[in-house]
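# Commentary on secondary and tertiary structure
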Amino acid sequence: MFIKPLVQEKGILHFTLIDPDKQTPQKAAEVAARAEACGSDGIMIGGSTAGYDDTNKTTEAIKQNCTLPTILFPSNAEGISEQADYIFWMMLMNSQDRRFLVGEQMKAAPYVKKLGIKTIPMGYIVVSTSARPTTVESVGDVDRILPEDMDKVVAYALTAQYYGMECIYLEAGSGADLPIPPKMVNVTKNILEIPVIVGGGIRDPEAARKTVLAGADVVVTGTISEKDLGMFEKIVLAVKG
Ligand code: 1GP
């Protein structure tokens, strides 16, 4: 167990997502150091196109510059690194493609065992909040969940919990038009006994605060730290405040 004890110790958490394909390892290390300095609680490393080399180099650079826990957030079996502390062991619950349910996982599992990376079992649920499908929606071939589909999101979330997942992640997709609606966060949180991670499309402190007030245990931001580090710091403060 990793997420629940960390929430019990530190309260609501903020995780910083770094995509190894969107910046150099050096820049990623700088962002990680800023994240630690302003109070973020963990560094997630992953992206839809990141392969082993980029993931490994970026994780190594981050570890040299930052003492926060590093958690791999892979989109496929290539996105691993022996430098990382943890890996989100994800099932894209609403995928219609076997690859994202068990296929990529069974490719990666022997390496995860060999490299000794600690797993955090997580039910990943992608919600369609954007006018056009986000990358994760398209690549993941999702059974669409619309922002008003409360019963559907709850059914997927409970399925994840009953599988024994340590947490669930409500994902609007990187750069989504809108974050996960607070009502959906609230409904999901109220029915589950496991922590709820929320990310995608959170670009300002107000959206971050609404997500926290709705019941998120962990708020994830990614794109904003590539674009505006000042705004990123304000978001971390809004989550932690
Ligand atoms: C994507 O939820 C994360 O997996 C972060 O999304 O890049 O929109 O912050 P953003």
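Located above this text is the structure these notes cover.
Residues numbered from 1 in each chain as written. Predicted model: local features only at pLDDT ≥ 70, side-chain atom pairs only at ≥ 80, totals over all residues. Heavy atoms only, no water.

## Some remarks on the pattern of salt bridges
The cut-off we apply is this: By definition, a salt bridge exists where a carboxyl oxygen of Asp or Glu is found within 4 Å of a side-chain nitrogen of Lys or Arg. Runs of H or I in DSSP of at least four residues are treated as helices and runs of E of at least two as strands, each being numbered from the N terminus. Only protein chains enter the area calculation, which uses a 1.4 Å probe; residues under 20% of their type maximum are buried, those over 50% are exposed, and those in between are partly exposed.
A full pass over the atoms with the stated rule returns 10 salt bridges. Between Asp-85 and Lys-63 there is a salt bridge, with the nearest N and O atoms lying 2.8 Å from each other. Here Asp-85 is found in the loop between strand S3 (70-72) and strand S4 (86-92), whereas its partner Lys-63 is found in helix H3 (residues 52-65), with 22 residues between them in sequence. Overall, Asp-85 belongs to the partly exposed group, its relative accessible area being 22%.

## Describing the site of the ligand
Cut-off, in case you're wondering: One heavy atom suffices: a residue is near a molecule or strand as soon as one of its heavy atoms comes within 4 Å of it. We call two N or O atoms a polar contact when they sit within 3.5 Å, provided that within protein one can donate a hydrogen and the other can accept it, with sequence-adjacent residues counted only if both atoms are side-chain atoms. The accessible surface values rely on the Shrake-Rupley method and a 1.4 Å probe; as for residues, cover is taken only from the protein chains in view. A pocket, in this scheme, is an open set of points on a 1 Å grid over the protein atoms alone with protein on both sides within 12 Å along at least 5 of 7 lines, while a cavity is a set where a 1.4 Å probe fits but cannot get out; residues line either one if an atom lies within 4 Å of a point. Should more than half of a molecule's atoms lie within 2 Å of a pocket's or cavity's grid points, that molecule is taken to sit in it. As a working rule, the residues Ala, Val, Leu, Ile, Met, Phe, Trp, Tyr, Cys and Pro are called nonpolar, Asp, Glu, Lys and Arg charged, and the rest polar, with Gly in that last group.
Inspection of the region around the ligand gives 13 residues, with Glu-171, Ser-174, Gly-175, Gly-222 and Thr-223 positioned closest. Here Glu-171 contributes a side-chain N or O atom positioned 2.4 Å from an oxygen atom of the ligand. Between Gly-200 and the ligand, the recorded distance is 2.9 Å, taken from a backbone N or O atom to an oxygen atom. Protein burial of the ligand: of its 300 Å² of free accessible surface, 96% is covered by the chains. When atoms are counted within 2 Å of each cavity's grid points, the one that captures over half of the ligand is the largest pocket. Tallied by class, residues from the shell around the ligand come to 3 nonpolar, 9 polar and 1 charged.

## Comments concerning the pairing of strand S2 (residues 42-45)
Defined as follows: Strand pairing follows a simple DSSP-based rule, namely that at least 2 bridges must link the two strands. A crossover gets the label right-handed when its path from the first strand over the helix to the second runs clockwise, viewed with the strands pointing away from the viewer.
Of the two faces of S2, the one carrying Gly-42 and Met-44 and the one carrying Ile-43 and Ile-45 are both buried. Two strands pair when backbone bridges link them, and strand S1 (residues 13-18) and S2 are joined in this way by 4 bridges, in the parallel orientation. If you follow Ile-18 over to S2, its bridge partner there is Ile-45. Assessed by its sense of winding, the connection that carries the chain from S1 through helix H2 (residues 25-38) to S2 is right-handed. Bridging between S2 and S3 involves 3 bridges; their strand directions are parallel. Considered in S3, the bridge of Met-44 is made with Ile-71. Handedness of the crossover joining S2 and S3 through H3: right-handed.

## Section: the layout of surface pockets
If a probe the size of a water molecule is rolled over the atoms, the empty space left behind becomes visible. For clarity, the cut-off: Grid points are joined across faces, edges and corners, and a volume is the space filled by probe spheres set on the points.
In this model, the largest pocket occupies a volume close to 840 Å³. Around the largest pocket sit 43 residues that line it, and Ser-48, Phe-73, Ser-75, Tyr-124 and Val-136 are the ones nearest its centre. When residues of the lining of the largest pocket are traced back to their parent elements, those giving at least two are S4, helix H4 (98-115), helix H5 (135-139), strand S6 (167-171), strand S8 (218-221) and helix H9 (223-227). Residues belonging to the lining of the largest pocket are distributed by class as follows: 19 nonpolar, 17 polar and 7 charged.

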